[in-house]
Every structure is written in C-alpha cells, then in structure tokens.
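Chain and residue survey
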Amino acid sequence: MSMYSETGDYGNTRVTGEILLNISYSYKTGALNVLVKKCYNLATGDERRQRTDAYVKTYLLPDTSRQSKRKTSIRPNSINPVFNENLRYVISHSQLETRTLQVSVWHHDRFGYNSFLGEVELTFDSWEFDSQIEEWYALQPRVESNIDSTMQYKGELTVVLKYIPAEKNLMLPLDQGQVKKSFLKGKKASSFTLPKGGMVELLVKGAKNLTAIKSGGTSDPFVKGYLLPDNNKSTKHKTAVVRRTVNPQWNHTFTYCGLQDGDLNNICLELTVWDKEALSSNVFLGGVRLGAGTGKSYGNEVDWMDSYGEEQQVWQRMIENPEVPQECTLMLRSSMHKRNT
C-alpha cells in the first residue's frame, strides 16, 4: 500500500536519519545504477512494537507508474539497515537530464499501512554523468506536490517534425497528404492535385511506458492527429494499431499540405494516443500539442493553443530550420483540457 500513487501513512512518523547512495551512469549499457548502501538512525516505524522493518523505494519522476518503481528487500528490526542493493534504470542520458530521482524509505507493516520514514529527491539536469557519486543524504519529510494535472506521467511519444516551404514543396498524390481546408472532402482523388503551399511532415516514431489497459499489462495503442483549427475533422490522420504492447513503434508519417508561412503561428498539431477497444469506446492514453503556444489562433483566443516546453520549442525549431527534420521525445499529457499556467 505504499506506492507513490496509493495510500500510505505519511503523518504519524517523525522523519530522522540519513541514507547512503552510490549513483552512477553507464554509457555502455545506457543505464542509471542506484546502489542503496545503508541507512542510519531511522525513525521507529511501529511505536507500539518498537521496531522498524525498513525498505527503500525509488521512482524516476515524473513517472510514477509501475514501470518506474524499484524496491529493495525488507531489512527487519533495524534503524540502521544495510541493503547493498542496486536499483537499475535503462534510460538515455538525454532523457535522464529531464528526470528527478525520488528515493523514499518505508517501514513495512504486514497488517496495515506502510509508514513513510523520509525521502530525498535528486535532479540530473547538471549531473556529471562520467562520475560516480557516493554520498550521505539527510531524509526529508514528504512535500505535497502542486504539479499541474496535465503533467501526471502517462508515458512518452517520439516524433520527427519537418516543414517544407511552398517554394520547395513538390506535388504529391492526393492520398499521401491532408489539406488544411475541407474543400476536397467528398471529391475524387483523381480529379485534384494538392493545393499549392507549404507542407508539414510528421513522423510518428513510437511511444514508451504507455498505460496498460488490458489484462496481462498491455494495450493496443494507436495515434490520432488533427491540425487545429479543424471544425469538421478534415485533417484527421491515424496510425495503425499495434497489438499487445505499452512500447509501440509506428513509424507512420502524417502530411499536412496547403500551408502558408503565416499559418504556422496560428495552427496547432494535436496528437492523442488511444487504446483500441473492439466492443466499447477506445480509451484515451495521453496526448501532446505542437504549436506556438500563444493562446491565440488567427486573432481569436483558443484553449488548444497551449503548447509549452518541448512541445513549443520543437515547433519553433521546425519553423526556423525549414527542410531539416526535428526529432523530440515528449511527455504525454494526462488530459487535453487547457493547461493551467
């Protein structure tokens, strides 16, 4: 009962003591190694029985899913437990720079709630990845988080964006692209060529750590895309469904044509990931919005122009570097409601 997202006893135990960690990163294996060595002077987890049965748990925030959770074994009846256990994460160093290692210590209660004994959080944005750090860290009380609900970890989506200006854009067969306007809807493809203008190409590469919807810890994920504003779904794109995985690879290209230079700061590419259900509604797994993030589209205030962080930055890099592919890995939002600022 002590998972980060579940119920635990945070309030009835005072926090004392320290934890000794040895942290290193291996470029050869692409792995973060968190060697939990020992704790010193922990608080008493069970006051009535006057004992502490300690174990250590870690997450790589903001991922609080089961895939991110690591635990040591339990050391019975000691306020100075020795673990010497390695907790390992396979993750690229560039992704690790965006994460926070949360290390928490707990008392294991066989018959009730596990008791929180303290935690420490370590960021990697300025970490020396070539070094091996061994340090004592003072345990801290749990701090309530004010994280925006759209930032709850739902996994990651990797995409490649490219903008081809009008003067460089070669005509494609109609069935290889989506136009911004809906005037081609219902027309025969053989009767039309694509309208002149620039083109945005989006390669949907894959996703990692999606929510498992089905029994056995899997989902049947696919990606859906719209170029906003789009009142009649004329720009809808979908990838194929990849069966029984939470780490799908699609390598599917969405193409949006008929764009003028002035459109790029007024449109937004919304991508949502879904679990395919045969006999019921598909289940939303997360999403991203790629755009300027100005809050406005063609002079009108709109909720969906709320791109931020890497969503906004990769869009800007695409505009500033035409014809150059821009790859990025984006954390999925847990909701597509307007992001709180």
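Not measured: the values here are computed from a predicted model.

So, on to the overall build of the protein chain. Of the regular secondary structure elements, the protein chain holds two helices and 19 strands. Residue pairs in contact within the protein chain that sit at least 24 positions apart in sequence constitute 69% of those at least 6 positions apart. Carbon and sulfur atoms provide 46% of the accessible area of the protein chain, an area that totals close to 17,300 Å².

Taken as a whole, this structure holds 17 salt bridges when the rule is applied. Where Lys214 meets Asp220, a salt bridge forms, and the shortest distance between an N and an O atom there is 3.6 Å. Note that Arg243 and Asp220 form a salt bridge whose closest N and O atoms lie 3.4 Å from each other. Of the two residues, Arg243 is situated in the loop between strand 13 (237-238) and strand 14 (249-259) and Asp220 in the loop between strand 11 (198-208) and strand 12 (221-228); the sequence distance between them amounts to 23 residues.

The subject of this paragraph is the nonpolar core. Core analysis: the biggest nonpolar cluster contains 30 residues, and Leu157, Leu161, Leu202, Leu269, Leu271 and Leu290 have the highest contact counts within it. Mapped by element, the contributors of at least two residues to this core are strand 9 (156-164), strand 11, strand 12, strand 14, strand 15 (268-275), strand 16 (283-291), helix 2 (309-320) and strand 19 (326-331). The residues contacting Leu161, other than those within four sequence positions of it, are Val200, Glu201, Leu202, Leu269, Leu290, Val314, Trp315, Met318, Val324, Pro325 and Gln326. Counting residues in each nonpolar core, the second largest holds 29 residues, with Val56, Tyr89, Leu96 and Val120 among its members.

On to the sheet that holds strand 4 (residues 70-71). The strand order 4-3-6-7 describes an open sheet built from four strands, whose pairing is antiparallel. The two strands at the open ends of the sheet, each matched to only one other strand, are strand 4 and strand 7 (115-123). Pairing geometry for strand 6 (residues 100-107) and strand 7, over eight bridges, is antiparallel. Bridge pairing in strand 7 places His107 opposite Ser115.

What follows concerns the pairing of strand 12. Taken across its eight residues, strand 12 has eight buried, putting it largely inside the fold. The sheet contact formed by strand 12 and strand 15 spans eight bridges and is antiparallel. Its bridge partner lying in strand 15, Lys224 is registered against Thr272. Sheet topology places strand 12 next to strand 13; two bridges connect them, and they run antiparallel. Across the sheet, residue Lys224 finds its bridge partner in strand 13, namely Lys238.

Reading the values: the criteria
Residues numbered from 1 in each chain as written. Predicted model: local features only at pLDDT ≥ 70, side-chain atom pairs only at ≥ 80, totals over all residues. Heavy atoms only, no water. Helix = DSSP H or I, 4+ residues; strand = E, 2+ residues; numbered from the N terminus. Contact = heavy atoms within 4.5 Å. Areas by Shrake-Rupley, 256 points an atom, 1.4 Å probe, with all protein chains shown as cover. Salt bridge = Lys/Arg side-chain N within 4 Å of Asp/Glu carboxyl O. Core = buried A, V, L, I, M, F, W, Y, C linked by side-chain atoms within 4.5 Å. Buried < 20%, exposed > 50% of the residue type's maximum accessible area, 1.4 Å probe, protein only. Pairing = 2+ DSSP bridges.

Function cannot be read off these values alone, since they describe shape.
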